[in-house]
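Descriptive structure summary
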Amino acid sequence: MIRHMNRYIRLLFIFLLVAVGCLYADAASPSDPKNPPKTIKVVMDNNYPPYVFLDGKGNLQGILIDQWRLWELKTGIKADISGMDWGKALSRMGAGEFDVIDTIFFNERRAQIYDFTKPYAKLDVSIFFHKNISGISDADSLQGFVVAVKSGDNAIDHLRGKGISLFQEYPSYEAIIRAAKEQKVMVTVIDNPPALYFLYKMGILDQFRYSAPLYTGEFHRAVKKGNTAILKSVEEGFSQISESEYQAINRKWFGTETSVFHPYLRHIGTGLGALIVIVLFLIVWNRTLRKKVRERTMRLEEEIALNIKKTEALQESEEKYRELVENANSIILRMDKEGRITFFNEFAQRFFGFLKEDIIGRNVVGTIVPEQETTGRDLVAMIADIGRNPDMYVTNENENMRSNGERVWIAWTNKPIFDQNGDVSEILCVGNDITERKRLEAQLIQSQKMEAIGTLAGGIAHDFNNLLMGIQGYASIMMLELDTSHPNYERLKRIEEQVQSAADLTKQLLGFARGGRYEMPSLNINNILRKSSSMFGRTKKELTIHGKYEKDLAAVEADQGQIEQVLLNLYVNAWHAMPTGGELYLETKNVTLDENYTALHGVPSGNYVKISVTDTGVGMDEKTRKRIFDPFFTTKEMGRGTGLGLAMAYGIMKGHKGFINVYGEPGHGTTFTLYLPASEKKALEEKPAAPDVLRGTETILLVDDEPSVLAVSKEILESFGYTVHGMRSGQEAIAFYKEKKDDISLIILDMIMPGLSGNETFDRIRELNPSARIILSSGYSLNGQAQQIMNKGCHGFIQKPFSIAHISRKIREVLEK
């Protein structure tokens, strides 16, 4: 048997020598003995399957390689073929390193450099884009997108002609599709054959869609301008290849036929096939090998089954993760290192108002991050920061933007995603809306600021009023002892007026204090508006004042002086905003505010009186509006304002359990809106003024810890005809009252005293005599502890410094009840 095999192998070798001889004869026959064979250098793209590509060993393969080898047989000329990145191929061809360039598209710019053969293949060029992007159909729809292209490709010239200028260049089509797999490329313009080949090869064909062809290109071969001899040789050689030969090559590489053999080689193939059959027959009958194959097959089957289970588990895990991310109540997005969004979950779409197909591939700056306000949002710096802390989350808070332009504050947690080389490829960002928290923080800061100023103002007002009380008291006593014709009488009267001005200043200081108010009768705001605006209008003739007052306006319980002070400040601000004159509109209205609105201002819902003051002045910008109620903030030049007026107005409105809003735009005027709680009481009518001083003969217990205030107050009351006993502490007053309570008709009690406070003293006196008549006196306003004492049944309240007329009337009012 072995002898027969050796004989068969010898016959095969003899047959092979004959075949090679025939091939040599066929290859040599086209040569012209007068023109010996020569070599031409050919360059082409090395990555354009199935036309040309590198196999696993780094050798060029494909349709064009087979065509050039057939061309060599037809012409007897050697084709030295090189394949490289297309941009490099164009560059080296231009430098004269090659005679012919293949796989080149014709365009007018290239026609100035090269002479082209006739086209030999037509190729469609389309836009390939991620399936989550919509609205792409032609070149015009690529505006705003960064388009991935191959360096030196004809597509660049075509797109530039359509007005597209944002390109991201890659050395090859394979590099573009690999970047697309890593989600670094979302849109590309690429020839269809290599695009479909690489998308399928990398397993992402289902993730991309493509448009109708932008244009159809034609493959040519070309030589440098004027090199007609080589161009002619190339065209004549390819024209000798028959149509059936071309079709055989195409069938081979497009998959309908695996190879095309030369007729002489078929016999060699038959012999080799017989030899292979014999070898396989020997292998099959080798029991040892058969057992190993069976065992290996079983192991492979087990591995395949295990891999299938792992794949299914991975797919199930990925599905659960995707479902979790999509249904999360947080903003979840991913972006690449350039800031382009690669993932946008459903919550983010609803929150920002963008559909997935409208946002994927776009940069965060100009979409969800305001383009003009990117301070502190340097993406490159943030990514570098994340890269330095790969195991840590980087957090930040910033103002973002919805699709309708609305600004929202987001707290972000950012985590890097690394590629196979350990470099940051993407950033995972998880965000939550903190707009409401930011608003409450700003409101809390404003409230705390006003509270601190109010506490300071209240303390200053108390001590200052005690000083004024001494000045006021002694001046009043001296005036009682002097005739009105005395030269010093007018001087003392001027001192009283200055003291009253100083007392008015303390009222302004108390306006900063929340709850800083005095007497709170029920008032008709319409009357106050009419009176105050009329007075102001008489001094500012350049303004035209319009009033629109609700007829049945509800009353409000308010300190008239403080409300007038608020309105006067608003009038003056409007006047400053209209230096050349303008219109001032005043309006009142009964309104009902719900809890959603009042909660923003820290007041209860219910019925309110709304007061609007609108001017047609210069208005204000957003920055000014945010600081308008800050103490000492002013937009006026030096000497025209202190910045206290609106801060005082804010404090007074808070003290009246109301609030104030402002709205304005540059060039469109300003509107201040005041809200005061409506009262069920009827507004009090103004009473005629009582006589200046009322006298009496009763006995009064006067309690004050300030010696100077106690002395002057005692002297004033005694000048009215009263018997006065002065005590400097609550303990002294209680001890004295226990012995003399039947003789004492009235107690005037200071609220703030060391040791036993006015509140505690009041309670102890009421324990001794529940019907005791008591007037509370304080340098503070009627709020806090003073209001608590009044609510317990105290008969009256008088603010220091008080005039002799005021205290005389208040005493008679309480005693005669």
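Residues numbered from 1 in each chain as written. Predicted model: local features only at pLDDT ≥ 70, side-chain atom pairs only at ≥ 80, totals over all residues. Heavy atoms only, no water.

**A look at the sheet that holds strand β26 (residues 699-703)**
Filter applied, for reference: A pair of strands is considered paired only if DSSP assigns at least 2 bridges between the two. Helix numbering and strand numbering both begin at the N terminus, where a helix is a DSSP run of H or I of at least 4 residues and a strand a DSSP run of E of at least 2. An axis is simply a line fitted to the C-alpha atoms; with a helix, the fit covers only the stretch in contact. Between two such axes, the angle follows the N-to-C directions and lies from 0 to 180 degrees. The contact criterion used is simple: two residues touch if any of their non-hydrogen atoms lie within 4.5 Å.
Pairing in this open sheet of five strands is parallel, and the strands run β27-β26-β28-β29-β30 from one edge to the other. This sheet does not close on itself; its edge strands, each paired only once, are β27 (723-727) and β30 (796-799). Strand-to-strand twist in this sheet, taken as the mean axis angle between neighbours without regard to direction, amounts to 20°. Relative to strand β28 (residues 746-750), β26 is paired through four bridges, and the arrangement is parallel. Of the residues in β28, the one forming a bridge with valine 703 is leucine 749. Together, β28 and β29 (774-778) form the strand contacts of helix α24 (residues 758-768), whose direction differs from that of β28 by roughly 155°. Packed onto the sheet, helix α26 (residues 804-815) meets β26, β28, β29 and β30 and runs at close to 130° relative to β28.

**A word on the packing of aromatic side chains**
Here is the rule: Stacked, tilted and edge-to-face are the three classes applied to pairs of Phe, Tyr and Trp rings, where Trp contributes its six-membered ring and a pair requires centres within 6.5 Å; stacked means planes under 30 degrees apart, edge-to-face means over 60, and tilted covers the rest. Each ring is checked for a lysine NZ or an arginine CZ that lies within 6 Å of its centre and within 35 degrees of its normal; such an atom marks a charge sitting over the ring.
Here the structure, examined in full by the defined rule, presents 22 aromatic pairs. Summarising the aromatic geometry, the rings of phenylalanine 128 and tyrosine 210 are spaced 4.9 Å apart at their centres and angled 25° between planes, so their arrangement reads as stacked. Within this pair, whereas phenylalanine 128 is found in strand β8 (residues 121-130), its partner tyrosine 210 is found in strand β12 (residues 208-210), the two being separated by 82 residues in sequence. Every member of this aromatic cluster is reached through a ring pair, and the members are Tyr48, Tyr51, Phe105, Tyr120, Tyr173 and Phe219. The lysine or arginine in question, lysine 150, covers the ring of tyrosine 173, its NZ or CZ lying 3.8 Å from the ring centre. The positively charged end of arginine 221 is found above the aromatic ring belonging to tyrosine 120, 4.0 Å away from the centroid.

**Here's the deal with the environment of leucine 749**
Rules: Burial classes: relative accessible area under 20% of the type maximum marks a residue as buried, over 50% as exposed, and values in between as partly exposed (1.4 Å probe, protein chains only).
Considering the arrangement of structural elements, one finds leucine 749 in strand β28. Residue leucine 749 is classed as buried on the basis of its relative accessible area, which comes to 0%. Separated by 25 residues in sequence, leucine 749 and isoleucine 774 place their C-alpha atoms 7.0 Å apart. Residue contacts for leucine 749: discarding those within four places in its chain leaves Val703, Gly758, Thr761, Phe762, Ile774, Ile775, Leu776 and Ser777.

**Structural notes on helix α17 (residues 525-539)**
The periodicity of an α-helix, 3.6 residues per turn, causes residues three or four positions apart to be oriented the same way. Condition: Every helix has an expected span of 1.5 Å times one less than the residues it contains. This arc describes the spread of directions from the helix axis toward the C-beta atoms.
Here α17 is 15 residues long and its end C-alpha atoms lie 22 Å apart, about the 21 Å a rise of 1.5 Å per residue gives. Buried within α17 we find Ile525, Asn526, Ile528, Leu529, Ser532, Ser533, Phe536 and Gly537. The arc that holds every buried residue of α17, seen down its axis, measures 155°, which confines them to one face. Turned more than 90 degrees away from the buried face of α17, the exposed residues are Lys531 and Arg538.

**Some words on the packing of helix α23 (residues 730-740) against α24**
What counts here: For this classification, under 35 degrees means roughly parallel, over 145 means roughly antiparallel, 65 to 115 means roughly perpendicular, and everything else is oblique. Residue polarity is assigned by list, with Asp, Glu, Lys and Arg as charged and Ala, Val, Leu, Ile, Met, Phe, Trp, Tyr, Cys and Pro as nonpolar; anything else, Gly included, falls into the polar class.
Running from N to C, α23 and α24 point in directions that differ by 10°, and their axes come no closer than 10 Å. Here α24 runs roughly parallel to α23, going by the angle between their axes. Together, Gly730, Ile734, Tyr737 and Lys738 of α23 and Thr761, Arg764, Ile765 and Leu768 of α24 make up the contact between the two elements. In terms of residue class, the contact of α23 with α24 is made up of four nonpolar, two polar and two charged.

**With respect to the pattern of salt bridges**
Short version of the rule: Within this document, salt bridges are pairs made up of a side-chain nitrogen of Lys or Arg and a carboxyl oxygen of Asp or Glu, the two lying within 4 Å of each other.
Per the counting criterion, the structure on display carries 24 salt bridges. Residues lysine 150 and aspartate 45 are paired through a salt bridge, measuring 2.4 Å at the closest nitrogen-oxygen approach. On the criterion of sequence distance, the pair formed by lysine 150 in strand β9 (residues 147-150) and aspartate 45 in strand β1 (residues 39-45) is long-range, its members being 105 residues apart. Since its relative accessible area comes to 2%, aspartate 45 is described here as buried. Across the salt bridge formed by glutamate 399 and arginine 407, the nearest N and O atoms sit 4.0 Å from each other. Assessed through its relative accessible area of 33%, arginine 407 is described here as partly exposed. One network of salt bridges, with partners in common, ties together Arg69, Glu72 and Lys78.

Interpretation note: all reported values are geometric properties and have no functional meaning in isolation.
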